[in-house]
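What follows is each chain in one-letter form.
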Amino acid sequence: GSIAAVQVLDEHTAPEKLQSISTLILDCDGVLWRGSEIIRNAPEALRVFRRDGKRLLFVTNNSSKSRVEYAAKFRSLGLEVSPDEIVSSSYCAAAYLKSVGFGANGSRTDKKVLLLGWTGVEQELRAADIPFIGGREFQLPAMDSMDAMKELQVDPDIGAVVVGWDPNFSYSRIVYASICLRELPGCVLVATNTDCADHIGGGRMMPGTGGLVRAVEVAAGTTAVNVAKGGEWLLPYLCRTYNLDPSRTAIIGDRMDTDILLGRQGGLFTCLPLTGVTTLERLQSLPPSERPNVVVGSVAKLAGLP
Ligand code: PLP
Ligand code: CA
């Protein structure tokens, strides 16, 4: 027989689906904004959710900014938020490292992080008192000969390599990271996310962090711990940190392999707005049991707004 059509709920039928929900986990890009463009009625929708007494958590896989930098972006787009409602993957990286003993008073307090990443993760590591080298301005000699690679001395105190969005990613950085991972006992690989690519407008996609993570995984012969949506660490962390009741928590996100997967892993109510990367055609091709619980034109519909 034919597969049931995907139902797209409108502003009259969507809000009742959230009646028994007390916490909303909101994805950011593709739900609240697209690149630098606000989604229609997103600020108003957040106001409605808050008025209805719902707790909001903003969970983004983007590691380029810290929580504080994100709060500024939210405000610049007219979205009201406090930094402690924001769970960026830059913050997740620091929280994960703390949970495995990095930073003051931990079991690996003498260990440093090698960061292949940007200012967002730098700021979160500093805020968590986790010592690191690397980051945005990581300077390395050119690794253009075997002699250069043989002579490279890595910092022996490195206990983790974090790979985040890094527009200065290079072969030299892969060399340094893979030596740490192959030669330093107990050194672990952490990915801020493994997203493949994201829309940036004008029909163009930008490469995500997943490809950078894979380059290091392949070179080092290891597998990264993904601390963001799509990985296994994040949801239990959110549940214990924010005391979430999965049966009263919904996730609103535009990606099947991160947002909706996280919701399905944890038994959350899953909502997909069609303002991001997933098309109606794609949803239609999935068996009904794998589809989100609710599909809407935009996040605003869930708040009863056009
Ligand atoms: N990582 C980067 C570098 C991005 O630019 C984006 C989206 O723009 C993402 C990840 C995905 O972010 P989100 O989880 O908010 O959709
Ligand atoms: Ca998204």
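Heads up: the structure comes first, above all this text.
Residues numbered from 1 in each chain as written. Chains lettered and ligands numbered in written order. Predicted model: local features only at pLDDT ≥ 70, side-chain atom pairs only at ≥ 80, totals over all residues. Heavy atoms only, no water.

Asks: Whenever I open this one, the overall build of the chain confuses me. Can you help?
Replies: Scanning the chain for helices and strands turns up 11 helices and 16 strands. Over its C-alpha atoms the chain spans a radius of gyration of 20 Å, differing by no more than 12% from the 19 Å that the globule rule assigns to 306 residues. Dimensions along the principal axes, computed over C-alpha positions, put the chain at roughly 65 × 45 × 35 Å. Each of the 306 residues in the chain was classed as buried or not, and the buried ones make up 53%. Look at the contacts in the chain between residues 6 or more apart in sequence, and 69% of them connect residues 24 or more apart. As displayed, the chain has an accessible area near 13700 Å², and 50% of this comes from carbon and sulfur atoms. When the 31 basic and 34 acidic side-chain charges of the chain are each reduced to a single mean position, those positions are 3 Å apart. (Helix = DSSP H or I, 4+ residues; strand = E, 2+ residues; numbered from the N terminus. Rg over C-alpha atoms; globule rule 2.2 N^0.38 Å. Buried < 20%, exposed > 50% of the residue type's maximum accessible area, 1.4 Å probe, protein only. Contact = heavy atoms within 4.5 Å. Areas by Shrake-Rupley, 256 points an atom, 1.4 Å probe, with all protein chains shown as cover. Lys, Arg positive; Asp, Glu negative; His and termini not counted. Charge placed at Lys NZ, Arg CZ, Asp CG, Glu CD.)

Asks: Could you clarify how one ought to interpret the coordination of the calcium ion (ligand 2) in this entry?
Replies: Working reference: metal with six octahedral donors, ideal angles 90 or 180 degrees; metal with four tetrahedral donors, ideal angle 109.5 degrees. Every protein donor of the calcium ion (ligand 2) is listed here as Asp 27 (OD), Asp 27 (OD), Asp 29 (O) and Asp 254 (OD), and their distances to the metal cover 2.1 to 2.9 Å. Spacing between the donor residues of the calcium ion (ligand 2) along the chain follows D-x1-D-x224-D. With Asp 29 in the loop between strand E2 (23–26) and strand E3 (33–34) and Asp 254 in the loop between strand E14 (249–252) and helix H9 (256–266), this residue pair connects regions lying 225 residues apart in the sequence. The exposure class of Asp 29 is partly exposed, given its relative accessible area of 26%. (Donors = N, O, S within 2.8 Å, 3.2 Å for Na, K, Ca; no water.)

Asks: Looking at this model, I keep getting lost on the nonpolar core. Mind explaining?
Replies: Across soluble globular proteins, you tend to see nonpolar side chains buried next to one another. Ranked by internal contacts, the top residues of the largest apolar core, which has 35 residues, are Leu 24, Leu 26, Leu 32, Phe 49, Phe 58, Phe 74 and Leu 302. Counting residues per element, the ones that place at least two in this core are E2, helix H1 (42–51), strand E5 (55–60), helix H2 (67–76), E14, strand E16 (294–296) and helix H11 (299–302). Here the element with the most residues in this core is H1; it accounts for five residues. What Phe 49 contacts, discounting residues up to four positions off in sequence, is Leu 18, Leu 24, Lys 54, Leu 56, Val 299, Leu 302 and Ala 303. Counting residues in hydrophobic clusters, the runner-up holds 32 residues, among them Val 59, Leu 115, Trp 233 and Leu 234. (Core = buried A, V, L, I, M, F, W, Y, C linked by side-chain atoms within 4.5 Å.)

Asks: Would you take a moment to explain the sheet that holds strand E8 (residues 132–134) for this structure?
Replies: Sheet strands pair via backbone hydrogen bonds, and the direction of the pair is either parallel or antiparallel. As summarised here, the arrangement of the five strands in space is E8-E7-E9-E10-E13, forming an open sheet in which the pairing is parallel. Of all strands in the sheet, those bounded by a partner on one side alone are E8 and strand E13 (225–226). Note: strand E9 (residues 158–163) against strand E10 (residues 188–191), four bridges, orientation parallel. Within the sheet, the bridge partner assigned to Ala 160 lies in E10 and is Val 188. Most of the contacts of helix H3 (residues 89–99) go to E9, to which it runs at about 155 degrees, and overall it touches strand E7 (112–116), E9, E10 and E13. (Pairing = 2+ DSSP bridges. Axes fitted to C-alpha atoms, helices over the stretch in contact; angles between N-to-C directions.)

Asks: Even after reading the chapter, I still don't get the pairing of strand E11 (residues 197–201), so can you show me in this structure?
Replies: For a regular strand, side chains alternate in direction, first toward one face of the sheet and then toward the other. Where E11 and strand E12 (residues 204–207) come together, four bridges link them in antiparallel fashion. By the bridge assignment for E12, Ala 197 is matched with Pro 207. Where E11 folds back onto E12 in an antiparallel hairpin, the turn is made up of two residues, including Gly 202, whose phi is positive at roughly 60 degrees.

Asks: Help me understand the site of ligand 1, please; the structure alone is not making it clear to me.
Replies: Taken together, Asp 27, Cys 28, Asp 29, Thr 60, Asn 61, Asn 62, Trp 165, Asp 195, Asp 198, Met 206 and Lys 229 make up the full set of residues near ligand 1. For ligand 1, an oxygen atom lies 3.1 Å from a polar atom in the side chain of Asp 27. Contact between ligand 1 and Thr 60: an oxygen atom at 2.7 Å from a side-chain N or O atom of the residue. About the coverage of ligand 1: the protein hides 92% of its 400 Å² of free accessible area. Residue classes in the shell around ligand 1 are distributed as three nonpolar, three polar and five charged. (Near = heavy atom within 4 Å. Polar contact = N/O pair within 3.5 Å; in protein donor to acceptor, adjacent residues only side chain to side chain. Nonpolar A, V, L, I, M, F, W, Y, C, P; charged D, E, K, R; others polar.)

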